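Structural description and commentary
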Amino acid sequence: MCITGRLAGNFVLATVLFAFHARAVADEPKPKPENIIGVHLTEPVAPQKFEHAPKFWVSDVTDRSGNPQPMLVLKSRGGIFLDRQPTIIVRESLEESLKSANLLAADANSADLTVRVYLFHFGLAEGSGLDFFGKVEYSAIVKNPKTGETAEVKATGTSIAKGAARKKNVQKNVQDDLEESLKDATRNFLRGQQLKEAVALLWKGGNEAQKPEANP
Amino acid sequence: MRIRTALVMLLFLGLAGGSAAKDTTAVFKTAEAKHFTGTEGVELTPAFYDYFYAELRSELTKSKLASEVIGEGEAVDDADAAKSVVITGTVTEYKKGSAVKSALIGFGAGLRSLKMDADVVRRSDKQNLSVFHVHVKVDPRWNEKTMAKFAAQQIARDMKKEFAEKK
């Protein structure tokens, strides 16, 4: 009798746990046309003026965020998803901005400098709870393909957007927030002192390598 | 008659608002906020400093003290450097507070507290233009990021008072 009672108890407990798990799985947000947002640069960012105006080529953008769902921006309120992978968005923003200033090479072979981007964060970060805190963070390895010399350039973009109660407004604010932080990160990279120094260093190295050796 | 008086008053209020908005002109060409650091013994997460940096930039943009609020490490034209500032700072003290003390004693006991010093430095010659001491106290049950929000608001307000009035 006692054993039967225990078995029945365990069965009830297992059923309850299974029901909770099934409910949790059902609550997992899924991308639908109404909860997908497109993040783009509203206008290309004008890069800083370089002494020699080198041509760049974005060779690769790698996701190093360790986020298993990089396209899921917000889990609550039915979820908000990106329409494309963050790596594609970052690549597009860099290429658009470089192209607008005529600093984008036609292909990898004709580029003076190649840029390999490692993306560490793209999306919302933990904020005060009253607003949305957007953050885009990446590190780029700028390389002179002729000499093989490299330099690291870090870029961070942040933005704070006000919170909202209605789902429609939440979606709009999150989209604005991400676009602003993407723009900020692109500007931080293209107008940064680090890129200026990297270009000066790599350009100098490339020119010295090209010079013919003097005969004694 | 009353309606007409009310309309005239509304018109005056509107005009006053318009002129007040026009008065806010930028004092600096660019303002760069850097990530603040913590002194030894200050137990705040790196996420706090990240959030505070974002909040400070957001508040500086809202204050309209500078024509452009630039990101950390961005290059500035030499011509604009004399009219540009860099804001650096240190968190000197952070007390977590106690929810029990706050509930039982009240009157400010057990509050979460944060003290920081912010330096405003001219970009061209690195001259220190002003130092602001900020002290924020919040309920211990509130998120630490709320303190960052209040601290950033206070710095922007103090800067506006200091520089906009001097101007």
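Residues numbered from 1 in each chain as written. Chains lettered and ligands numbered in written order. Predicted model: local features only at pLDDT ≥ 70, side-chain atom pairs only at ≥ 80, totals over all residues. Heavy atoms only, no water.

**Observations concerning the overall build of chain A**
Here is the rule we go by: Secondary structure counts use DSSP, requiring at least four H or I residues in a row for a helix and at least two E residues in a row for a strand, with both numbered from the N terminus. Summary of the burial criterion: residues with accessible area below 20% of their type's maximum are buried, those above 50% are exposed, and those between are partly exposed, where the area comes from a 1.4 Å probe applied to protein chains only. Two residues qualify as a contact provided that any one of their heavy atoms is within 4.5 Å of a heavy atom in the partner residue. The protein chains shown are the only cover counted for residues, whose accessible areas, like all others here, come from Shrake-Rupley with a 1.4 Å probe.
Broken down by element type, chain A carries 4 helices and 7 strands. In sequence order, chain A lays out its α and β elements as α-β-β-β-β-α-β-β-β-α-α. Split into buried and exposed, the 216 residues of chain A put 41% on the buried side. Within chain A, counting contacts between residues at least 6 apart in sequence, those at least 24 apart form 74% of the total. Carbon and sulfur atoms make up 55% of the accessible area of chain A, which totals about 12400 Å².

**Points about the overall build of chain B**
Of regular secondary structure, chain B possesses 5 helices and 6 strands. Its helices and strands taken in sequence order, chain B reads α-β-β-α-β-α-β-α-β-β-α from the N to the C terminus. Per-residue burial over chain B gives 42% buried out of 167 residues. Taking as baseline every contact in chain B between residues at least 6 positions apart, the subset at least 24 positions apart corresponds to 71%. Entry remark: accessible area of chain B is about 9500 Å², with carbon and sulfur atoms responsible for 57%.

**A look at the packing of aromatic side chains**
All names here are of chain B. The condition is simple: Centres within 6.5 Å make a pair out of two Phe, Tyr or Trp rings, where for Trp the six-membered ring is used; the pair is then stacked when the planes are under 30 degrees apart, edge-to-face when over 60, and tilted otherwise.
Across all of its chains, the model carries 9 aromatic pairs over all chains by this definition. Taken together, a centroid distance of 6.3 Å and an interplanar angle of 50 degrees make the contact between Trp-142 and Phe-150 tilted. Judged by relative accessible area, which is 31%, Phe-150 ranks as partly exposed. One aromatic cluster in this structure is built from Phe-36, Phe-48, Tyr-49 and Phe-52.

**Some details on the side chain of B:Lys149**
Among the secondary structure elements, B:Lys149 is positioned in helix 5 (residues 144-166). For B:Lys149, a relative accessible area of 16% gives the class buried. What B:Lys149 contacts, discounting residues up to four positions off in sequence, is A:Ser128, A:Leu130, A:Asp131, B:Tyr51 and B:Glu55.

**With respect to the nonpolar core**
Defined as follows: What we call a nonpolar core is a set of buried Ala, Val, Leu, Ile, Met, Phe, Trp, Tyr and Cys residues that are connected through their side-chain atoms within 4.5 Å.
In terms of nonpolar packing, the biggest core is built from 44 residues, with A:Phe56, A:Phe122, A:Tyr138, A:Val174, A:Phe189 and A:Leu195 touching the most fellow members. Take this core: its biggest share by element is 7 residues, from helix 3 (residues 167-190) of chain A. Excluding anything up to four places from it in sequence, A:Val174 contacts A:Ile37, A:Val73, A:Ile80, A:Leu124 and A:Phe132. Ranked by size, the runner-up nonpolar core spans 38 residues in total, among them B:Leu65, B:Val91, B:Met116 and B:Ala152.

**Remarks on a positive patch on the surface**
To keep it simple, the criterion reads: Patch membership is restricted to residues that have no salt bridge and whose relative accessible area is over 30%. Joining uses 9 Å for like charges and 5 Å for the nonpolar side chains Val, Leu, Ile, Met, Phe, Trp and Tyr. In what follows, salt bridge is the name for a side-chain nitrogen of Lys or Arg lying within 4 Å of a carboxyl oxygen of Asp or Glu. This count recognises Lys and Arg as positive and Asp and Glu as negative, with His and chain-terminal groups excluded. Where a charge lies is defined by one atom per residue type: Lys uses NZ, Arg uses CZ, Asp uses CG and Glu uses CD.
A grouping of A:Lys30, A:Lys32, A:Arg77 and A:Lys167 is seen on the molecular surface, where their side chains present a positively charged patch. In this structure, A:Lys32 sits in the loop between helix 1 (2-27) and strand 1 (36-37).

**A look at the packing of helix 2 (residues 86-100) of chain A against helix 3 of chain A**
Residue and element names in this part refer to chain A. The cut-off we apply is this: Helix axes use the C-alpha atoms of the stretch in contact, all axes being lines fitted to C-alpha atoms, and the angles between their N-to-C directions lie in the range 0 to 180 degrees. Each angle gets one of four labels, with under 35 degrees taken as roughly parallel, over 145 as roughly antiparallel, 65 to 115 as roughly perpendicular, and the rest as oblique. Left-handed describes a crossing in which the near helix is turned anticlockwise from the far one by less than a right angle; the clockwise case is right-handed.
For the pair helix 2 and helix 3, the least separation of the axes is 10 Å and the interaxial angle reads 55 degrees. With respect to each other, helix 2 and helix 3 are oriented oblique. Crossing of helix 2 against helix 3: the hand is right-handed. Side by side, helix 2 and helix 3 meet where Ile-89, Val-90, Ser-93, Leu-94, Ser-97 and Leu-98 of the first sit next to Leu-182, Thr-186, Phe-189 and Leu-190 of the second.

**Here's the deal with the pattern of salt bridges**
Scanning all chains against the criterion turns up 24 salt bridges over all chains. Taking the shortest distance from any N to any O, the salt bridge between A:Lys146 and A:Asp112 comes out at 4.0 Å. Of this pair, A:Lys146 sits in the loop between strand 6 (131-143) and strand 7 (150-162) while A:Asp112 sits in the loop between helix 2 and strand 5 (113-125), and the two are 34 residues apart along the sequence. In this structure, B:Arg122 engages B:Asp125 in a salt bridge whose closest nitrogen and oxygen atoms are separated by 3.0 Å. For B:Asp125, a relative accessible area of 42% corresponds to the partly exposed category. One connected set of salt bridges, linked through shared partners, spans A:Asp184, A:Arg187, A:Arg191, B:Arg57, B:Glu68 and B:Glu74.

**Here we look at the environment of B:Gly38**
Along the chain, the position of B:Gly38 falls in strand 2 (residues 37-38). B:Gly38 has contacts with B:Tyr49, B:Thr90 and B:Val91, leaving out every residue within four places of it along the chain.

**Examining the confidence of the model for chain B**
Residue and element names in this part refer to chain B. Under the convention used in this document: Confidence scores here are pLDDT values: one per residue, from the predictor, ranging 0 to 100.
Averaged over chain B, the pLDDT score is 86; the fraction of residues at 70 or greater is 84%. Contacts of residues 15-22 to residues separated by more than four positions or lying in other chains number 0 contacts, the stretch itself having pLDDT below 50. For this predicted complex, the interface confidence score (ipTM) comes to 0.80, while the overall pTM stands at 0.82.

**Some remarks on helix 2 of chain A**
All names here are of chain A. Here is the rule we go by: By this rule, a helix spans an expected 1.5 Å times one less than how many residues it contains.
In a regular helix each residue adds 1.5 Å, so 15 residues correspond to 21 Å; helix 2 covers 21 Å between its end C-alpha atoms and thus fits that length. What helix 2 keeps buried is the set Pro-86, Thr-87, Ile-89, Val-90, Ser-93, Leu-94, Ser-97 and Leu-98. Asn-102 sits one or two positions beyond helix 2 and adopts a positive phi of about 60 degrees.

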